[in-house]
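Here is how the chains run, residue by residue.
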Amino acid sequence: MMQANKTAFPENFLWGSASAAYQVEGAWDADGKGPSIWDEFVKVPGTTYKNTNGDVAVDHYHHLEEDVRLMAEMGLKTYRFSIAWARIFPSSMDEVNQKGLDFYHKLIDLCLENNIEPMVTIYHWDLPLFLQQKYRGWESREVIADFKKYAVTLFEAYGSKVKYWITINEQNIFTRMGWMTAQHPPKMSSEEKLYYQVNHNVFLAHAEAVLAFQDLVPGGMIGASFALHPSYAIDCKPENVVAKMDYDDLKNYWWMDVYAHGRYPKAAMKYLQTKGVAPEFEPGDAELLAEAAKHVDFMGVNYYRSDVVEYNPLDGVDSSGVFNTTGEKGSMTIPGVPGLYKNPLNSNLPTTDWDWTIDPIGIRIGCRDITSRYNLPIIISENGLGAFDTLEEDGSIHDPYRITYLAEHLKEIKLAIEEGSEVLAYCTWSFTDLLSWLNGYQKRYGFVYVDQYEEAVEPSLKRYKKDSYYWYKDIIASDGETLF
Ligand code: BGP
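Residues numbered from 1 in each chain as written. Predicted model: local features only at pLDDT ≥ 70, side-chain atom pairs only at ≥ 80, totals over all residues. Heavy atoms only, no water.

## Quick look at helix α14 (residues 400-418)
Thinking step 1. A rise of 1.5 Å per residue sets the reference length of α14, with its 19 residues, at 27 Å; its end C-alpha atoms lie 27 Å apart and thus fit the reference within 8%.
Thinking step 2. The positive-phi residue at the C-terminal boundary of α14 is Gly-420, with phi of around 115 degrees. (Helix = DSSP H or I, 4+ residues; strand = E, 2+ residues; numbered from the N terminus. Expected span 1.5 Å × (residues − 1).)

And the structure:
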């Protein structure tokens, strides 16, 4: 729907950037923090690229003032970060670690002093290890009450200062990689029944937090962040169009429908019931999900790439695909589910060195779809390019590829807004460079380069502004006008 009359980015648009505790903080056992499942998982040789881990990460924990100063100098309007559950409850849900709470008070206060709206993610994958050991974490319904308690503790501590809250980051990713592809803790593979049950537990935990939020943070906004994969049927063969519908139901709407409507998509549920892997409901679950959905204020969207969908016969590809964690372009293989779909490469689009399709229009398609299906405001909670960057001798980093990637996506977001989507915020991934869960430190996303090499014994952790830092600064100052 191309129009001649252009509207501007909305007033008070939140130009932002994002991170997650495990990927930036380091200080993995400082000030009373307990271990998380990731602290344990990464120590098993062979689980991450070159056995990299977040023990130090980019040491944001000890560079707080410097990092927020860099954000303020850039003019950032919002900073999305996650809270490490194991800093708040290190070894039991009965004892709060005040030093953990203090750390985030400090971060939030620094943001506010610099006119940066803090945006808190309650859970970004780093479950306290004691909960995994006690009842296998998300596999048990016990986690629902514990998550609620943790969320309530945060609402009570920070609710008067923080307006924007994200319950869960990319439930679809951490559950798939934890229970289907064995790439994340607890490293289980093809546990399909458990995978759907775990997801059900996460939905219930999210729902409890959303309902508790209503009384504790009046005027606040809450939602979940979802890893959105808009999809294209490979062609107009009807069986490929049905495969796309199956893909959307099982890979996108399975999550977004629950957040926004409080119910699972019907066809997907029937399929899983027939297979005997659908989640079991207890009395009250359906009502809880439906009630919470009425109070969700936005859809959080993490967008990196789109997918192509082609029908996959019963004797077709049966694999989650080889994941490229090395940056050697072309090493990824295509995934597929027999009887449903497979995901061939999109020959119309370029890819990153990690084989992720670069598709700016996909973000507009995603926004349009969410607007039509759910009529909810949207927070783009992550979008960015993982790339190799080079630190020049003079301390500069020239990353025109990142600027192009972000600019093209922003232009499409602007079009989505013109077409009726209500987009409240755009957070790039990420502000500083950070640990990429499985891909080490060489896959860089930040506006700020951090000297943290997997090879370095004692990295300097020095911060350097990339060209993209100055570019985003201008975008923010002009409210997006310099994009055009
Ligand atoms: C999302 C996660 C982020 C971040 C990002 C980039 O799935 O929410 O935590 O890691 O993806 O992914 P990667 O680090 O695998 O390149």
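Additional details are given in the paragraphs that follow.
## Some thoughts on the environment of Tyr-22
Thinking step 1. Position of Tyr-22 among the secondary structure elements: in helix α1 (residues 21-24).
Thinking step 2. Separated by 176 residues in sequence, Tyr-22 and Val-198 place their C-alpha atoms 22 Å apart.
Thinking step 3. Setting aside its immediate chain neighbours within four residues, Tyr-22 contacts Trp-38, Asp-39, Val-42, Asn-53, Gly-54, Asp-55, Ala-57, Asp-126, Leu-435 and Trp-437.
Thinking step 4. A polar contact of 2.8 Å, which involves the side chain of Tyr-22, links it to the backbone nitrogen of Gly-54. (Contact = heavy atoms within 4.5 Å. Polar contact = N/O pair within 3.5 Å; in protein donor to acceptor, adjacent residues only side chain to side chain.)

## Observations regarding the packing of aromatic side chains
Thinking step 1. Overall, the coordinates contain 40 aromatic pairs when judged by the stated rule.
Thinking step 2. Between Tyr-22 and Trp-437, the aromatic rings sit 5.7 Å apart at their centres with planes inclined by 15 degrees, giving stacked as the arrangement. On the criterion of sequence distance, the pair formed by Tyr-22 in helix α1 and Trp-437 in the loop between β12 (423-429) and β13 (448-450) is long-range, its members being 415 residues apart.
Thinking step 3. Between the NZ or CZ atom of Lys-43 and the centre of the ring of Trp-28, over which it lies, the distance is 4.6 Å.
Thinking step 4. Over the aromatic face of Tyr-449 sits the side chain of Arg-444, whose NZ or CZ is 3.8 Å from the ring centroid. (Phe/Tyr/Trp six-rings, centres within 6.5 Å; stacked < 30°, edge-to-face > 60°. Lys NZ or Arg CZ within 6 Å of the ring centre and 35° of its normal.)

## Regarding the UniProt feature "active site" (unreviewed entry) in the chain
Thinking step 1. Taking the UniProt record as the reference, the feature "active site" (unreviewed entry) is found at Glu-382.
Thinking step 2. Its location among the elements puts Glu-382 in strand β11 (residues 378-382). (UniProt positions renumbered as here; feature names shortened; annotations may be inferred.)

## With respect to the site of the ligand
Thinking step 1. Taken together, 15 residues lie around the ligand, and Gln-23, Glu-170, Ser-436, Lys-443 and Tyr-445 are the ones closest in.
Thinking step 2. A distance of 2.3 Å separates an oxygen atom of the ligand from a polar atom in the side chain of Glu-170.
Thinking step 3. A distance of 3.2 Å separates an oxygen atom of the ligand from a polar atom in the side chain of Asn-439.
Thinking step 4. In isolation the ligand has 380 Å² of accessible area, and contact with the protein removes 93% of it.
Thinking step 5. A per-class count over the shell around the ligand returns six nonpolar, six polar and three charged. (Near = heavy atom within 4 Å. Areas by Shrake-Rupley, 256 points an atom, 1.4 Å probe, with all protein chains shown as cover. Nonpolar A, V, L, I, M, F, W, Y, C, P; charged D, E, K, R; others polar.)

## Here's the deal with the side chain of Gln-197
Thinking step 1. Its location among the elements puts Gln-197 in helix α9 (residues 192-216).
Thinking step 2. When its relative accessible area of 15% is taken as the criterion, Gln-197 is described as buried. (Buried < 20%, exposed > 50% of the residue type's maximum accessible area, 1.4 Å probe, protein only.)

## With respect to the pattern of salt bridges
Thinking step 1. The tally for this structure, following the rule as stated, stands at 28 salt bridges.
Thinking step 2. Of the charged contacts, one joins Glu-291 and Lys-294 as a salt bridge, the two residues approaching to 2.9 Å between their closest N and O atoms.
Thinking step 3. The salt bridge partner of Glu-408 is Lys-411, with a shortest N-O separation of 3.4 Å. You can see Glu-408 and its partner Lys-411 sitting in helix α14, three residues apart, about one turn around the helix. (Salt bridge = Lys/Arg side-chain N within 4 Å of Asp/Glu carboxyl O.)

## A short note on the nonpolar core
Thinking step 1. Residues Trp-85, Trp-138, Tyr-158 and Trp-165 are the most contacted members of the largest nonpolar core, which totals 137 residues.
Thinking step 2. It is α9 that contributes the most residues to this core, 11 residues altogether.
Thinking step 3. For Tyr-158, the residues in contact, after removing those within four places along its chain, are Ile-83, Ile-88, Gly-100, Leu-101, Tyr-104, His-105, Ile-108 and Trp-165.
Thinking step 4. Membership of the second largest hydrophobic core comes to 22 residues, among which are Tyr-164, Trp-354, Cys-427 and Leu-434. (Core = buried A, V, L, I, M, F, W, Y, C linked by side-chain atoms within 4.5 Å.)

## Digging into the pairing of strand β8 (residues 307-311)
Thinking step 1. Bridge count between strand β6 (residues 231-233) and β8: three bridges; the pairing is parallel. Each bridged residue has a counterpart across the sheet, and for Ala-233 the counterpart in β8 is Val-309.
Thinking step 2. The sheet contact formed by β8 and strand β10 (residues 341-342) spans two bridges and is antiparallel. In the sheet register, Tyr-311 faces β10, and the bridge partner there is Tyr-341. (Pairing = 2+ DSSP bridges.)

## Looking at the sheet that holds β8
Thinking step 1. Spatially, four strands are ordered β6-β8-β10-β9 in an open sheet, and the strand pairing comes out mixed. This sheet does not close on itself; its edge strands, each paired only once, are β6 and β9 (336-337).

## Remarks on the environment of Glu-282
Thinking step 1. Along the chain, Glu-282 falls in the loop between α11 (266-275) and α12 (285-293).
Thinking step 2. Judged by relative accessible area, which is 42%, Glu-282 ranks as partly exposed.
Thinking step 3. At a separation of 3.5 Å, a polar atom in the side chain of Glu-282 contacts the side chain of Arg-141.

## Some thoughts on the packing of helix α3 (residues 64-74) against helix α15 (residues 467-477)
Thinking step 1. As a packed pair, α3 and α15 sit with axes 9 Å apart at the nearest point and diverge in direction by 50 degrees. Looking at the two axes, α3 sits oblique to α15. When α3 is examined against α15, the residues Leu-70, Glu-73 and Met-74 are found in contact with a partner set consisting of Tyr-469, Tyr-472, Lys-473 and Ile-476.
Thinking step 2. Its residues assigned to classes, the contact of α3 with α15 shows five nonpolar, no polar and two charged. (Axes fitted to C-alpha atoms, helices over the stretch in contact; angles between N-to-C directions. Parallel < 35°, antiparallel > 145°, perpendicular 65-115°, else oblique.)

## With respect to unusual backbone geometry
Thinking step 1. Pro-185 connects to Pro-186 through a cis peptide bond whose omega is 10 degrees.
Thinking step 2. Put simply, Trp-429 and Ser-430 share a cis peptide bond, and its omega is 15 degrees.
Thinking step 3. Checked against the element boundaries, Ser-430 lands in the loop between β12 and β13.
Thinking step 4. Positive phi, close to 60 degrees, is recorded for Asn-12, a residue that is not glycine.

## Things to note about the sheet that holds β11
Thinking step 1. Within the closed barrel, the eight strands sit side by side as β1-β2-β3-β4-β5-β7-β11-β12. Their pairing is parallel. Direction aside, the axes of adjacent strands within the sheet are offset by 30 degrees on average.
Thinking step 2. Bridge count for β11 against β12 is three bridges, and the pairing is parallel. Counterpart to Ile-380 in the pairing with β12 is Tyr-426.

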